[in-house]
Amino acid sequence: MNVAMLQFAPVFGEVQENLRAIEEACADLPADLVVLPELCTTGYQFRDRKELLELAEPAGGPSIQRLSGVAAACGGHLVAGFAEKESDLVFNSAALVGPEGVVGVYRKIHLFSEEKRLFEPGNRGFPVFRAGGIPIGIMICFDWLFPESARSLALGGAWVIAHAANLVLPFCQDALITRALENRVFIMSCNRTGREERIAGKKYEFTGRSRMVGPDGKILADGPPDAPAVITAEIDPRRADDKKVTSLNHVIRDRRTDQYRL
Ligand code: ACM
């Protein structure tokens, strides 16, 4: 399975320009799965809900339709973060999109900082979707801090976790090694670069360094800290079906659910 992550710096509010950048970067990229950053069509720092409502789109909206065309050109599926409008509610979501349209949508459960004032918290749990026969789960950015996110996806059968991110804290890239190892899954964490300061005194510097980790905790690929990059790898996703860490230890079956409540 050929996988890729498209690390770049979306320009705030320039949805058509951002989609064009994605189309261009993916034009010569045969890939079974491409992961894009969180809120990759709009940018991150909305000044208020009015601005967010103007830029948000339903999952069947024109941006996701255009991304479906990108998936068709790549010959695979895409995971892309976007602001999802449902009547007057907006979720910080990521869609799994194929040439045939939307396969599924995940709505960010653990909202970060000012996101709490703008978005509704996700209300659909951690679903596992199938793309090209492979079970795929999605996390969005700050979800990484809660081990329950990746664990829920692993318990749901995900082999690959697509992590759409706009990271600003410096810890996630290292923590992903543990998240992958403790669940024996692949994690593809696609982060953005650049900075946004659309509100005086509230500056976000995005940390880049998109990272792919295998089920044994080994780093498969890393992106640069502050430049756009297409990061690719070839993986055998079936390796995530083997949950053994020793011949006598299994990361799912050895859980002592009689001794704790997670
Ligand atoms: C984040 O969750 N975007 C830091």
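The coordinates are above.
Since the structure is predicted, the reported quantities are computational estimates derived from the model, not experimental observations.

**Student:** Whenever I open this one, the sheet that holds strand β5 (residues 101–107) confuses me. Can you help?
**Tutor:** Backbone-to-backbone hydrogen bonds join strands into a sheet, with any given pair of strands oriented parallel or antiparallel. Within the open sheet, the six strands sit side by side as β5-β4-β3-β2-β1-β14. Their pairing is mixed. Each end of this open sheet is capped by a strand with a single partner; those strands are β5 and β14 (229–234). Between one strand axis and the next, the sheet turns by 30° as a mean value, whatever way the strands run. Sheet strands in contact with helix α3 (residues 62–74) are β2 (33–35), β3 (77–86), β4 (89–98) and β5, and its direction is about 25° off that of β4.

**Student:** What's the story with the sheet that holds strand β6 (residues 128–131) in this structure? I'm lost.
**Tutor:** Taking strand neighbours across the sheet as the criterion, the six strands line up as β6-β7-β8-β9-β12-β13 in an open arrangement whose pairing is mixed. Of all strands in the sheet, those with a lone pairing partner are β6 and β13 (219–222), marking the two edges. When the angles between neighbouring strand axes are averaged without regard to direction, this sheet yields 20°. Across three bridges, strand β12 (residues 211–213) lies against β13 in antiparallel orientation. Following the sheet pairing, M212 is matched in β13 by A221.

**Student:** It is not clear to me how the packing of aromatic side chains should be interpreted in this structure. Could you clarify?
**Tutor:** Each aromatic ring pair is summarised here by two numbers: the centre-to-centre distance and the angle between the ring planes. With the rule as written, the count across this model stands at eight aromatic pairs. Ring centres of F12 and F46 lie 5.2 Å apart, and the angle between their planes is 75°; on these two criteria the pair is classed as edge-to-face. Separated by 34 residues along the polypeptide, F12 in the loop between β1 (2–7) and α1 (15–26) and F46 in the loop between β2 and α2 (49–55) bring together distant segments of the chain. As far as burial versus exposure is concerned, F12 and F46 are alike and both buried. When the centroid spacing of 6.2 Å and the interplanar angle of 80° are considered together, the rings of F46 and F119 count as edge-to-face. With F46 in the loop between β2 and α2 and F119 in the loop between α4 (115–118) and β6, the pair connects residues that are 73 residues apart, well separated along the chain. Each member of the pair, F46 together with F119, is buried. A cation sits over an aromatic face here: R107 above F91, 3.8 Å from the ring centre. Geometry around F12 places R198 over its ring, the cationic atom sitting 3.8 Å from the centre.

**Student:** Please clarify how the packing of α1 against α3 should be interpreted in this entry.
**Tutor:** When two helices pack together, you describe them by how their axes are tilted relative to each other and by the distance separating the axes. Where α1 meets α3, the axes come as close as 10 Å, and the angle between the chain directions of the two elements is 10°. Between α1 and α3, the interaxial angle falls into the category roughly parallel. Where α1 abuts α3, its residues V15, Q16, L19, R20, I22, E23 and C26 lie against S63, R66, L67, V70 and C74. By residue class, the composition of the contact of α1 with α3 is seven nonpolar, two polar and three charged.

Procedures and definitions
Residues numbered from 1 in each chain as written. Predicted model: local features only at pLDDT ≥ 70, side-chain atom pairs only at ≥ 80, totals over all residues. Heavy atoms only, no water. Pairing = 2+ DSSP bridges. Helix = DSSP H or I, 4+ residues; strand = E, 2+ residues; numbered from the N terminus. Axes fitted to C-alpha atoms, helices over the stretch in contact; angles between N-to-C directions. Contact = heavy atoms within 4.5 Å. Phe/Tyr/Trp six-rings, centres within 6.5 Å; stacked < 30°, edge-to-face > 60°. Buried < 20%, exposed > 50% of the residue type's maximum accessible area, 1.4 Å probe, protein only. Lys NZ or Arg CZ within 6 Å of the ring centre and 35° of its normal. Parallel < 35°, antiparallel > 145°, perpendicular 65-115°, else oblique. Nonpolar A, V, L, I, M, F, W, Y, C, P; charged D, E, K, R; others polar.

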